[in-house]
Amino acid sequence: SAGRYDFGVFVDWAQMGDVSRDAAPGKTEYKDLKELKLHARTGQWARNHSQRALVYRQLIKALPCRAVTADAAVYRDIVGNASSKRNPANFPLPEFVDGAAVPLYCLKPESLGSVHAVISCVAGEFPDVSHCPALPAVVSLLMHWSADESQCFEAAGRLLACNEPGRRMLDQTFLAYQSSCMTFGDLAHKYCPAAHKLIVAAATDVLEVYADWQRWVLGDLPFAHAARVMDVFLVEGYKVLYRIALAILKFYRKHKAAGATPRQQDSAGVKADIQVFVRGIGGSVSPDKLLEKAFSIRLFSRKEITLLQLANEKSLQQRGITVRQKRYAHDHVETLLLTTEHVCGAFLSTDWEERKRGGNKLSYFGTGECFVFRMKPEMERYEWVVIKHPELANSTPAGSEQPDEGANGTSDANANSHSLPVETPPTSTTDSAHLSPFLAARHFHLNVRNTSMFMAGSVDSIIIGGGGEGNALYIDSELNHGRTGRCTTFDNPPLCTESFQIALLEVWGFQDAMAT
């Protein structure tokens, strides 16, 4: 014990290995941030339970929080500090944990009721929290270094109430959580391309797999690893969780590379496979090795990650996805357009309702997730040119781009000589010229000359892609005739015979899984 506190009352010490319960705490207060980061990253507190508990108290106490934040005294008044075993059934978990179970880690089985009691009180005292699947794991971990339930409650409450500008500790809304899943997917694509390709090849729904990224870190990791994550998380913040999850993905890919080539399967199967790997990661990856890999990734700055998160939130808001519910009146629908005779088509990321925003004026809309494809003579996919050539995103000053003009002074947007100005990007406080090219490529309607002409439509035609010699696809109002040509947006060759008659046109709609 340390002073008058016993920080191990909830712990099953038979599972704690070489962690000392009785050693003197040693250094627990830091004035040098570099030394604090070094000690957190190198596991300085890993074998001294009291030292880690007291360091955590100092770190959490130092978090700037809302003026009125429920503390240990509030918990004691409402729930009391149990001196005997609590029944978890008396404290059902709130809906906002989204079905997440409480991982016991190295707690005594009878401590489960205490974790439930703390989470239940959090639900009552923090009504603004509407979605926080990570909370059961966080409270369970904090309970290891708490002298009583009220201390654990106060620590969890301060993590939720942290109000330092630009810093958050835990996602507390469905919008923030869902955008974090999208952000993780973006980071995986950028920093773990081989692992990302593995997930794309193995799973039918990549986003569904990445929706578990927080659970890998806070829930599935063994206690020794999760405790080391908490060390750096409390010192360096939310960005650390991305680092750890990316490192897990890299190690998972290495693990799978040693086996047979994965076949595409239901996403639930891939999620389960990753969960099994993470839970057993201690057999091949030590906590030191995990953190070493995590901090070897040259990640975006915190500012860029924040901007990426905000861009993802804005994308979700524009699609009406802000809370988890059964169904929306106007679901976001992505479409697959396919001319079956010539076997070519396009994937279109934006609802066609967007075409009405320009009134009677034909104008482009869509995002960099659009792509065109052909199946003959062999399968080829042509994605947004900026993804492969991100330097195009900064080819002209932000906000100054104009459509290319032909010799007659009209926009040379397509072969039909329609004057199609590129849609102005939504007003944003971010400056796309200072964002990473990958961020810009996914989320901003960049009017970089003719490289962002994704889709347009009216009673006269359907147009996919623009710039260059024409459109990737042009379909007339009768849906009888079409044309294809080289276009700047997708940097594609003609997808089939340049002028063709449509024998059959298929349109597939995909309701966004996040809206159900």
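Counting of residues starts from 1 at the beginning of each chain's written sequence and follows it residue by residue. Restriction of local features to residues with pLDDT of at least 70 applies here, the model being predicted, together with a cutoff of 80 or more for giving and counting side-chain atom pairs; totals for whole chains, interfaces and linings are based on all residues. Hydrogens and water molecules were not included; the side-chain quantities draw on all heavy atoms of the structure.

Trainee: Please clarify how the overall build of the protein should be interpreted in this entry.
Mentor: Numbering of helices and strands runs from the N terminus; a helix is a DSSP stretch of H or I covering at least four residues, while a strand is a stretch of E covering at least two. Counting its secondary structure elements, the protein contains 17 helices and 10 strands. Here the protein holds 516 residues, and the buried ones make up 54% of them. The protein chains shown are the only cover counted for residues, whose accessible areas, like all others here, come from Shrake-Rupley with a 1.4 Å probe. Accessible surface, the protein as shown: approximately 23500 Å² in total, 50% of it carbon and sulfur. Whether a residue is buried, partly exposed or exposed follows from its accessible area with a 1.4 Å probe, protein chains only, as a fraction of its type maximum: under 20%, in between, or over 50%, in that order.

Trainee: Just checking my understanding: could you explain the side chain of histidine 196 for this structure?
Mentor: Counting through the fold element by element, histidine 196 comes out in helix 8 (residues 193–202). Judged by relative accessible area, which is 13%, histidine 196 ranks as buried. When checking whether two residues touch, look at their non-hydrogen atoms; a contact exists if any pair is within 4.5 Å. Setting aside chain neighbours within four positions, we find histidine 196 in contact with Ala188, His189, Val206 and Tyr210.

Trainee: Just checking my understanding: could you explain the side chain of asparagine 48 for this structure?
Mentor: Among the structural elements, asparagine 48 can be located in the loop between helix 1 (33–41) and helix 2 (49–61). By relative accessible area, which is 11% here, asparagine 48 ends up buried. A distance of 2.6 Å separates a polar atom in the side chain of asparagine 48 from the backbone oxygen of alanine 24. With residues near it in sequence (within four places) discarded, asparagine 48 still touches Ser20, Ala23, Ala24 and Pro25. The definition of a polar contact used here is a pair of N or O atoms within 3.5 Å, where within protein one atom must be able to donate a hydrogen and the other to accept one, and adjacent residues in sequence count solely through side-chain atom pairs.

Trainee: How should the sheet that holds strand 7 (residues 473–476) be read in this particular structure?
Mentor: Whenever strands of a sheet pair, they do so through backbone hydrogen bonds, lying parallel or antiparallel. Pairing between two strands requires that DSSP report at least two bridges joining them. Judged by pairing direction, the sheet is antiparallel, and its five strands sit side by side in the order 5-6-7-8-9 without closing on themselves. Edge strands, defined here as strands with exactly one partner in the open sheet, are strand 5 (455–457) and strand 9 (499–501). Each strand axis lies, on average, 15° off the axis of its neighbour in the sheet, ignoring direction. Of the strand pairs in this sheet, strand 7 and strand 8 (residues 481–483) are connected by two bridges, and their pairing is antiparallel. What sits directly across from isoleucine 475, in strand 8, is glycine 482. A fitted line through C-alpha atoms serves as each axis, taken over the contacting stretch for helices, and the angle formed by two N-to-C directions is quoted from 0 to 180°.

Trainee: So what exactly am I meant to see when it comes to the pairing of strand 6 (residues 461–464) here?
Mentor: For a regular strand, side-chain orientation follows a simple rule: the groups alternate between the two sheet faces. One ladder, built from three bridges, connects strand 5 with strand 6; its direction is antiparallel. In the sheet register, methionine 455 faces strand 6, and the bridge partner there is isoleucine 464. Taking the residues that link successive antiparallel strands as the turn, the strand 5-strand 6 hairpin has three residues. Sheet topology places strand 6 next to strand 7; four bridges connect them, and they run antiparallel. Pairing of isoleucine 462 across the sheet is with isoleucine 475, part of strand 7.

Trainee: Looking at this structure, how should I read the pattern of salt bridges?
Mentor: Here the idea is simple: oppositely charged side chains can pair when their charged atoms come close. Should a side-chain nitrogen of Lys or Arg be within 4 Å of a carboxyl oxygen of Asp or Glu, the pair is scored as a salt bridge. According to the stated counting rule, one finds 14 salt bridges in the structure shown. For the salt bridge of arginine 52 with aspartate 231, the shortest nitrogen-to-oxygen distance reads 2.9 Å. Here arginine 52, found in helix 2, pairs with aspartate 231, found in helix 11 (residues 223–236); they are 179 residues apart in sequence, far enough to count as distant. The two residues arginine 52 and aspartate 231 agree in class, both being buried.

Trainee: Looking at this model, I keep getting lost on the nonpolar core. Mind explaining?
Mentor: Judged by nonpolar contacts, the single largest core of 113 residues is most densely connected at Leu170, Phe184, Ile199, Trp216 and Ile244. Examining the composition of this core, we find that 11 residues originate from one element, helix 12 (residues 239–257), more than from any other. With sequence-adjacent residues up to four places away left out, leucine 170 is seen in contact with Cys132, Ala134, Leu135, Val138, Leu159, Leu160 and Phe233. With 24 residues, the next largest nonpolar core counts Leu337, Cys344, Trp384 and Ile502 among its residues. To form a nonpolar core, buried Ala, Val, Leu, Ile, Met, Phe, Trp, Tyr and Cys residues must be joined to one another through side-chain atoms within 4.5 Å.

Trainee: Could you clarify how one ought to interpret helix 8 in this entry?
Mentor: Three or four residues apart is the spacing at which side chains of an α-helix point the same way, because the helix has 3.6 residues per turn. Every buried residue of helix 8 is accounted for by Ala195, His196, Leu198, Ile199 and Ala202. For helix 8, the buried positions fall inside an angular range of 155° around the axis, keeping them on one side. Along the arc lie the directions from the helix axis toward the C-beta atoms.

Trainee: How should I be thinking about the packing of aromatic side chains in this particular structure?
Mentor: To describe a pair of aromatic rings, you give the distance between the ring centres and the angle between the ring planes. Any pair of Phe, Tyr and Trp rings, taking the six-membered ring for Trp, is counted once the centres come within 6.5 Å. Such a pair is stacked with planes under 30 degrees apart, edge-to-face with planes over 60 apart, and tilted for the rest. Scanning the model with the defined rule gives 17 aromatic pairs in all. Look at phenylalanine 184 and tyrosine 210: their rings are 5.3 Å apart centre to centre, the planes differ by 85°, and that puts the pair in the edge-to-face class. One end of the pair, phenylalanine 184, is in helix 7 (residues 174–191); the other, tyrosine 210, is in helix 9 (residues 206–210), with 26 residues separating them in the sequence. The exposure classification of phenylalanine 184 matches that of tyrosine 210, with both residues buried. An angle of 15° between the planes, with centres 4.6 Å apart, marks the rings of tryptophan 213 and tyrosine 242 as stacked. Of the two residues, tryptophan 213 sits in helix 10 (residues 213–220) while tyrosine 242 sits in helix 12, which places them 29 residues apart along the sequence. When its relative accessible area of 0% is taken as the criterion, tyrosine 242 is described as buried. Of note, arginine 483 hangs over the ring of tyrosine 474, and the distance from its end group to the ring centre comes to 4.5 Å. The criterion is that NZ of a Lys, or CZ of an Arg, lies within 6 Å of the ring centre and within 35 degrees of the ring normal, and then a charge sits over that ring.

The analysis is restricted to geometry; functional conclusions fall outside its scope.
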